[in-house]
Amino acid sequence: MEYWNSTLGSGFILMGILKDSGSPELLCVIITVLYMLALTSNGLLLLVITVDSRLHVPMYLLLGQLSLMDLLFTSVVTPKALMDFLRSENTISFAGCALQMFLALMLGGAEDLLLAFMAYDRYVAICHPLNYMVFMRPRVCWLMVATAWILAYLNALGHTFYTMQYPFCKAQKIRHLLCEIPPLLKLACADTSRYELLVYVTGVIFLLLPLSAIVSSYALILFTVLHMPSNEGRQKALVTCSSHLTVVGMFYGAATFMYVLPSSLHSPKQDNITSVFYTVVTPALNPLIYSLRNKEVMGALKRVLGKYML
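Residues numbered from 1 in each chain as written. Predicted model: local features only at pLDDT ≥ 70, side-chain atom pairs only at ≥ 80, totals over all residues. Heavy atoms only, no water.

**Some details on the overall build of the protein**
- Per the secondary structure count, the protein includes 10 helices and 5 strands.
- Taking 2.2 N^0.38 as the reference for a compact globule, 310 residues should give roughly 19 Å; the C-alpha atoms of the protein span a radius of gyration of 21 Å, in line with that estimate.
- The dimensions of the protein, computed from C-alpha atoms along their principal axes, are 70 × 45 × 35 Å.
- Relative to all contacts within the protein whose residues are 6 or more apart in sequence, the contacts with residues 24 or more apart total 78%.
- Charge separation in the protein, taken as the distance between the mean sites of 20 positive and 16 negative side-chain charges, equals 8 Å. (Helix = DSSP H or I, 4+ residues; strand = E, 2+ residues; numbered from the N terminus. Rg over C-alpha atoms; globule rule 2.2 N^0.38 Å. Contact = heavy atoms within 4.5 Å. Lys, Arg positive; Asp, Glu negative; His and termini not counted. Charge placed at Lys NZ, Arg CZ, Asp CG, Glu CD.)

Structure (structure tokens):
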């Protein structure tokens, strides 16, 4: 079999989802609107959390980090996909593909872990309110954030290096929205079964273990909420937690399908739809889910916009 020499070749060809759709122009408009919504909503949420001192508490520090990750994650993928479609040029260099894979893996992995830390934050706030500022003091909070970024960075670096060292076949077409491990391994001209097992194991570690921690936290939260004497307190706790669970369901569902399910259950069309969901749709909806149902965030947003618009 003839191999492709990445130093001489022009790179890969990202087929994406736009070319294969029945109405590519309409889909391009929808993705553009979602991307602009993600930029605006996450940017506003970051601004509000940074400027309003009333939101300088652990819950909103973690929420601000989530907005930052979503903002960067969607920007790694969406602008290139849209520009490729508009220019009818779908190529990406070998180095560009490696960089995109590294950034997507790092940001996705960091978000996986951060969502678990956010569940722990809600657990402490609701189940141990008197000790909240002890368990979630600033040093602990920043340690959580640093842990999410560092572990995700190391995981992404290892996977990117190992994936890109494979020899790839002359067929350079990646039937996917971005450079990710599963579609790239289909182009490898070598046995990747052991590495696919490693991808599965790390997928379990970065997805299912944090998800188990989230489910456990919310099971304890639900038990505590049901025994609350105050209906107002019960309602506030349920609203806050339901927002987080909605985000968890959207992100973990798509990521688990991509990285934990066996490759035999995947198809290029399903993978493309899944990748659009967690790189475009979820980053656009996350800040809306958190802010529209949160009186503190909406109040802070009105104060900040009123201050800068007057």
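**Overview of the environment of F223**
- By the secondary structure assignment, F223 is in helix α7 (residues 193-226).
- Distance from F223 to C127, taken between C-alpha atoms, is 9.2 Å for residues 96 residues apart in sequence.

**Topic: the pattern of salt bridges**
- Tallied over the full model, the rule gives 4 salt bridges.
- The partner of D84 in a salt bridge is R87, and the shortest N-O contact between them spans 3.8 Å. Of this pair, D84 and R87 are both found in helix α2 (residues 58-87), 3 residues apart, which corresponds to roughly one turn of the helix.
- The closest approach of N and O atoms between R122 and D121, which form a salt bridge, is 2.9 Å. (Salt bridge = Lys/Arg side-chain N within 4 Å of Asp/Glu carboxyl O.)

**What about the packing of aromatic side chains?**
- Counted by the stated rule, this structure contains 9 aromatic pairs.
- Judged by centre distance (5.6 Å) and plane angle (85°), the ring pair of F102 and Y153 falls under edge-to-face. Remark: Y153 occurs in helix α5 (residues 138-164) and F102 occurs in helix α3 (residues 94-127); sequence separation between them is 51 residues.
- A relative accessible area of 14% means that F102 is categorised as buried.
- Three or more aromatic residues joined by ring pairs make a cluster, and in this case those are F12, F94 and F168. (Phe/Tyr/Trp six-rings, centres within 6.5 Å; stacked < 30°, edge-to-face > 60°. Buried < 20%, exposed > 50% of the residue type's maximum accessible area, 1.4 Å probe, protein only.)

**Looking at the sheet that holds strand β2 (residues 12-14)**
- Strand order in this open sheet of 3 strands is β3-β2-β5, and the pairing throughout is mixed. Strands at the two margins of the open sheet, each flanked by one partner only, are β3 (91-92) and β5 (173-174).
- One ladder, built from 2 bridges, connects β2 with β5; its direction is parallel. In the sheet register, I13 faces β5, and the bridge partner there is K173. (Pairing = 2+ DSSP bridges.)

**With respect to the UniProt feature "transmembrane region" (unreviewed entry) in the protein**
- Residues given the UniProt feature "transmembrane region" (unreviewed entry) here are residues 24-48, 60-78, 98-120, 140-158, 197-225, 237-261 and 273-292.
- The distance from the first to the last C-alpha atom of residues 24-48 is 36 Å, and the span holds 100% helix and 0% strand.
- Annotation note: span residues 140-158, helix share 100%, strand share 0%, distance between end C-alpha atoms 27 Å. (UniProt positions renumbered as here; feature names shortened; annotations may be inferred.)

**Quick notes on the environment of R54**
- On the secondary structure map, R54 appears in the loop between α1 (24-51) and α2.
- Taking C-alpha positions, R54 is 31 Å from Y153, a pair spaced 99 residues apart along the chain.

**Overview of empty space enclosed by the protein**
- Per the counting criterion, the structure on display carries 3 cavities of 30 Å³ or more.
- Taken as a whole, the largest cavity encloses approximately 260 Å³ of empty space.
- Looking at the largest cavity, it is lined by 19 residues, and the ones nearest its centre are L105, G108, G109, D112 and Y259.
- Within the residue set of the lining of the largest cavity, elements represented by two or more residues are α3, α5, α7 and α8 (231-259).
- Grouping the constituent residues of the lining of the largest cavity by class yields 11 nonpolar, 6 polar and 2 charged. (1 Å grid on protein atoms, 1.4 Å probe; cavity = no way out; pocket = protein on both sides within 12 Å on 5 of 7 lines; lining within 4 Å. Points joined across faces, edges and corners; volume = space filled by probe spheres on them. Nonpolar A, V, L, I, M, F, W, Y, C, P; charged D, E, K, R; others polar.)

**As for the environment of L61**
- Residue position: L61 is located in helix α2.
- Distance from L61 to Y166, taken between C-alpha atoms, is 40 Å for residues 105 residues apart in sequence.
- Discounting residues that sit within four places of it in the chain, L61 has contacts with C141 and W142.

**Remarks on α7**
- Here α7 spans 47 Å end to end across 34 residues, near enough to the 50 Å set by a 1.5 Å rise per residue.
- Buried within α7 we find Y195, V199, T202, G203, F206, L207, P210, I214, S217, Y218, I221 and V225. (Expected span 1.5 Å × (residues − 1).)

**A few points about the side chain of D84**
- The exposure class of D84 is buried, given its relative accessible area of 4%.
- Every residue in contact with D84, bar those within four places of it in the chain, is listed here: E89 and N90.

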